[in-house]
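# A structural walkthrough
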Amino acid sequence: MANPKNLICLMYDKGAEEAAHFYAKVFPDSSVGAVHRAPTDYPMGRAGDVLTVEFTVLGIPCIGVNGGTYFKHSEAFSFQIATDSQEETDRYWNAIVENGGQESQCGWCKDRYGISWQITPRTLTEAMARGGAEAQRAFTAMMSMKKIDVAKIDAARKG
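Now for a quick tour of the structure. Every value quoted in this text rests on a predicted model; they were computed, and no experiment measured them. (Residues numbered from 1 in each chain as written. Predicted model: local features only at pLDDT ≥ 70, side-chain atom pairs only at ≥ 80, totals over all residues. Heavy atoms only, no water.)

The next subject is the nonpolar core. The biggest cluster of nonpolar side chains holds 26 residues, and the ones touching the most others in it are Tyr12, Tyr23, Phe27, Phe55 and Trp117. Looking at this core, the elements that each hand over two or more residues are β1 (8-12), α1 (16-26), β3 (50-57), β5 (78-83), α2 (86-97) and β8 (116-121). With residues up to four places along the chain from it excluded, the contact list for Phe27 reads Val57, Leu58, Ile81, Tyr92, Ile96 and Trp117. Grouped together as the second largest cluster of nonpolar side chains are ten residues, Leu124, Met142, Ile148 and Ile153 included. (Core = buried A, V, L, I, M, F, W, Y, C linked by side-chain atoms within 4.5 Å. Buried < 20%, exposed > 50% of the residue type's maximum accessible area, 1.4 Å probe, protein only. Helix = DSSP H or I, 4+ residues; strand = E, 2+ residues; numbered from the N terminus. Contact = heavy atoms within 4.5 Å.)

Below, the discussion takes up α2. Counting along an α-helix, one turn takes 3.6 residues, and residues three or four places apart therefore face a common direction. For α2, with twelve residues, the first-to-last C-alpha span of 16 Å sits near the 16 Å given by 1.5 Å per residue. Among the residues of α2, those classed as buried are Glu88, Thr89, Tyr92, Trp93, Ala95, Ile96 and Val97. Of the surrounding elements, those touching the buried residues of α2 are α1, β5, β6 (102-103), β7 (108-110), β8 and α5 (150-158). N-capping of α2 is provided by Ser85, with a side-chain oxygen placed 3.4 Å from the backbone N of Glu87. (Expected span 1.5 Å × (residues − 1). Polar contact = N/O pair within 3.5 Å; in protein donor to acceptor, adjacent residues only side chain to side chain.)

On to the sheet that holds β5. Across the sheet, four strands lie side by side as β5-β8-β7-β6; this open sheet has mixed pairing. The sheet is open, and its two edges are formed by β5 and β6, each paired on a single side. Note that β6 and β7 share two bridges and pair antiparallel. Each bridged residue has a counterpart across the sheet, and for Glu103 the counterpart in β7 is Cys109. Sheet contacts for α2: β5, β6, β7 and β8; angle to β8, the most-contacted strand, approximately 165 degrees. Across the face of the sheet, helix α3 (residues 122-130) comes into contact with β5 and β8 while running at roughly 75 degrees to β8. (Pairing = 2+ DSSP bridges. Axes fitted to C-alpha atoms, helices over the stretch in contact; angles between N-to-C directions.)

This is the structure we're talking about:
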């Protein structure tokens, strides 16, 4: 990865490299770049341990830091993935949840590394952008879902 001016830095306990490879496998336009190892022993590890991993998720440059358990992930940060169909929504949702992740509400899920994801069909964001009764119906339908059901959002949009 060329040195971008801005990138997302995510701290993991010790799973940064594993997480980067998982994201590269699941999402298009994603890859793993340089893996940097400790040149010597340090308080939390040994020489040769992975310290940082450069990776890209859907074209977004990131760096993963194996920083131990001191800092925890929260829903205050998430990747929002816009999907164009139920098939695409299912593919991403299932990849995250069925590989040690967990479901949440309204299109949110968390991967096994603790990172939150919003798997959001464009039909939902389009309805919300339109406002009014259409947005209200789509929003109400979404509130009863975990993984977003595109057909139910489309039906709600129509009234």
